[in-house]
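Next come the chains, spelled out residue by residue.
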2 protein chains.
Amino acid sequence: MCPPNAAASLSCPSSSRRGVLRFGLGAAVAALAMPLGQAQAASVRRTSFSNVADLTHRLGTQFPLFPGAPALTITPIVSHDTDGYYGSVVNYWEHSGTHMDAPIHFAKDGLFVDQIEVQNLVVPAAVLDVTAQVLRNPAYEVTPDDIRAWERRYGRLPDNAAVLMASGWGARAGSTEAFRNADSSGVMQFPGFGKDAIDYLLLERRIAGIGVDTLSLDHGPSTTFATHFTLLGTNRWGLENLANLEAIPPSGATIFVGAPKLAAGSGGPSRVMAVW
Amino acid sequence: MCPPNAAASLSCPSSSRRGVLRFGLGAAVAALAMPLGQAQAASVRRTSFSNVADLTHRLGTQFPLFPGAPALTITPIVSHDTDGYYGSVVNYWEHSGTHMDAPIHFAKDGLFVDQIEVQNLVVPAAVLDVTAQVLRNPAYEVTPDDIRAWERRYGRLPDNAAVLMASGWGARAGSTEAFRNADSSGVMQFPGFGKDAIDYLLLERRIAGIGVDTLSLDHGPSTTFATHFTLLGTNRWGLENLANLEAIPPSGATIFVGAPKLAAGSGGPSRVMAVW
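Residues numbered from 1 in each chain as written. Chains lettered and ligands numbered in written order. Predicted model: local features only at pLDDT ≥ 70, side-chain atom pairs only at ≥ 80, totals over all residues.

**Q** How would you explain the overall build of chain A if you had to name every residue and give the values?
**A** Within chain A one finds seven helices and 13 strands. Within the span of chain A, comprising 276 residues, buried residues form 54% of the whole. (Helix = DSSP H or I, 4+ residues; strand = E, 2+ residues; numbered from the N terminus. Buried ≥ 20, exposed ≤ 12 C-beta atoms within 10 Å, placed from the backbone.)

Structure, rendered in structure tokens:
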């Protein structure tokens, strides 16, 4: 189930639908004809909740994009006055807004977004508050010590956790300039996960994925995308441009990752909600 | 909060963001700059779960569409071999695949998809099994009696419920011809909710929305779309092309409706998951 280049010591989430990977869209569509209910229900961590919060930014045509990404367009094609109803055609680059990076985005043999098992989309959240560190250094990288500090306070990371960086960056999402925060050389200065933290999470803990409230899992100055390659190479997912992480408890919430179930997708705009 | 034409006796879900409705994309984007956490956490029905199921069809370019709808396209624009990573541009009509109809889709003053409160997206599910009725009549319309029969067995519909029609139609989703099921006159023959059932749900119960496993909330032969107009006109939502409804309990599940948080959206492909 792991990509061939993954270290043997890393445990990889499995996918019972791995077999369709090499056949692309045709097989994915054919799979729709499978008997319903098959491999669709799964057990997850026992959870109770009575609160819900939205971790998703509203996605409009002005939402900040990673430099070079194609623009989002929203084109109404029917209207109440002319047609009696309203609706649009939407054209998006998969990595727009609050969105998922599926393993295939960086790992050549990784899972497509529609192949991620549903039990890896409903998972306990651990929120690492690095606001103070980021005030001192906007290009801060989350470290293993940040994770150990969380564990000293809240206990060992739960299995299959989503480890989420809360850096305060979401408040900048109304401005592309502020969200990218490029310096005078054009180098973006925003925080992300350091590769050491990813190694710790992959080697010492069992996680489903990570999330950030910035444009990238790697910090802004990265040119090697080591965090992307390392994390996605073990079939874990990443979430970028999360909103509102300050509003949920650091420990004890469960997140629902409403990733698009798009055939052969590399990820896509996702509705992410937290309950606790 | 209700559209002006809604009967006064119908209770309408509220939206604290109703004020941005008339200002379209500009105001929606400006709203991103609001302080985070504001109006983002809400209380919902107390829920416990340890099972999860996916109610979403995989969406590929061959997934059946309502006649006349623009085709979905998925265009890879970067590749591992050439660019070192993989991703696509996706072009979709909002009412493709497992998707939401937001109130604005048929109600001129209804809520856009991004304006639906999150507590109306995490709601108890009631699954009406009408498989037997549909075997006798493929254009069956769910009746108030179907709802009363459910209530005799499982108790009164919970407040803020999603009432979901399980007709067995999801098994046809691999074929546009079978899913549309047009007769020799070209009239589609698939089941949906009758207007009487909608009136009952709006006047006698409090619901968040309804869902079907077919192409339309109204049954195939409809030309008036009475169910769409009546339901969406009270700011409730609808879900179409749901999958796998047979796999979840008729009573006791909670659904997460991962609708896209798209500015000025009329709905859109949604990741829907059930927990219980």
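**Q** Tell me about the pairing of strand β3 (residues 87-93) of chain B, and please be specific about residues and values.
**A** Most of β3(B) sits out of view: five of its seven residues are buried. Pairing between strand β3 (residues 87-93) of chain A and β3(B): five bridges, direction antiparallel. Its bridge partner lying in β3(B), V89(A) is registered against W93(B). Taken together, the five bridges between strand β2 (residues 73-78) of chain B and β3(B) define a ladder with antiparallel strand orientation. Bridge pairing links T73(B) to N91(B) in β3(B). (Pairing = 2+ DSSP bridges.)

**Q** Account for the relation of the copies chain A and chain B, with residues named and values stated.
**A** Overlaying chain A with chain B gives an RMSD of 0.0 Å, the required rotation being 180° about an axis along which the chain moves by 0.0 Å. The operation mapping one copy onto its partner corresponds to a two-fold rotation axis. Here 100% of the contact residues of chain A are again contact residues in chain B; the copies associate through an equivalent surface. (Least-squares fit on C-alpha atoms with pLDDT ≥ 70 in both. Contact = placed C-beta atoms within 7 Å.)

**Q** Tell me what's going on with the interface of chain A and chain B, and back it up with residues and numbers.
**A** Listed per partner, the contact involves 74 residues of chain A and 74 residues of chain B. When residues of the side of chain A that touches chain B are assigned to their parent elements, the largest contribution, 13 residues, is made by strand β1 (residues 41-54) of chain A.

**Q** Describe the nonpolar core, listing the residues and the values that go with them.
**A** For soluble globular proteins, the rule of thumb is that nonpolar side chains tend to be buried together. L164(A), I255(A), M273(A), L164(B), I255(B) and M273(B) are the most contacted members of the largest nonpolar core, which has 144 residues in total. For L164(B), the contacting residues outside a window of four places in its chain are A125(B), A126(B), V127(B), L128(B), G211(B), L242(B) and L245(B). (Core = buried A, V, L, I, M, F, W, Y, C linked by C-beta atoms within 7 Å.)

**Q** Describe the packing of helix α4 (residues 144-154) of chain B against helix α6 (residues 195-204) of chain B, naming the residues involved and giving the relevant values.
**A** Residue and element names in this part refer to chain B. Two elements in contact, α4 and α6, have axes separated by 7 Å at closest approach and are oriented at 50°. For the element pair α4 / α6, the angle class is oblique. In contact with P144, D146 and I147 of α4, α6 contributes D196, A197, Y200 and L201. (Axes fitted to C-alpha atoms, helices over the stretch in contact; angles between N-to-C directions. Parallel < 35°, antiparallel > 145°, perpendicular 65-115°, else oblique.)

**Q** Describe the environment of R180(A), and please don't skip the residues or the numbers.
**A** All names here are of chain A. Structurally, R180 can be placed in helix α5 (residues 176-180). Sequence separation of R180 and R152 is 28 residues, and the distance between their C-alpha atoms is 33 Å. Discounting chain neighbours no more than four positions away, the residues touching R180 are P64, P67, M188 and L215.

**Q** Run through the sheet that holds β2(B), naming residues and quoting values.
**A** Pairing in this open sheet of four strands is antiparallel, and the strands run β2(A)-β3(A)-β3(B)-β2(B) from one edge to the other. Lying at the two open borders of the sheet, with one neighbouring strand each, are β2 (73-78) of chain A together with β2 of chain B. Averaged over neighbouring strand pairs, the angle between their axes works out to 15° when direction is ignored.

**Q** Explain the confidence of the model for chain A to me, using residue names and the numbers behind them.
**A** In the predicted model, chain A carries a mean pLDDT of 89, and the fraction of residues at 70 or more is 86%. Here the prediction assigns the complex a pTM of 0.88, and the interface score ipTM is 0.87. (pLDDT = per-residue confidence, 0-100.)

**Q** Explain unusual backbone geometry to me, using residue names and the numbers behind them.
**A** Residue and element names in this part refer to chain A. One non-glycine residue, N160, adopts positive backbone phi at about 65°. Positionally, N160 belongs in the loop between α4 (144-154) and β7 (161-166). With phi around 55°, N181 is a residue other than glycine that occupies positive phi space. Looking at the secondary structure, you find N181 in the loop between α5 and β8 (192-193).

**Q** Tell me what's going on with the environment of A178(A), and back it up with residues and numbers.
**A** All names here are of chain A. Looking at the secondary structure, you find A178 in helix α5. You can call A178 partly exposed: it has 14 C-beta atoms within 10 Å. On a C-alpha basis, the gap between A178 and E141 in space is 18 Å, while along the polypeptide they are 37 residues apart.

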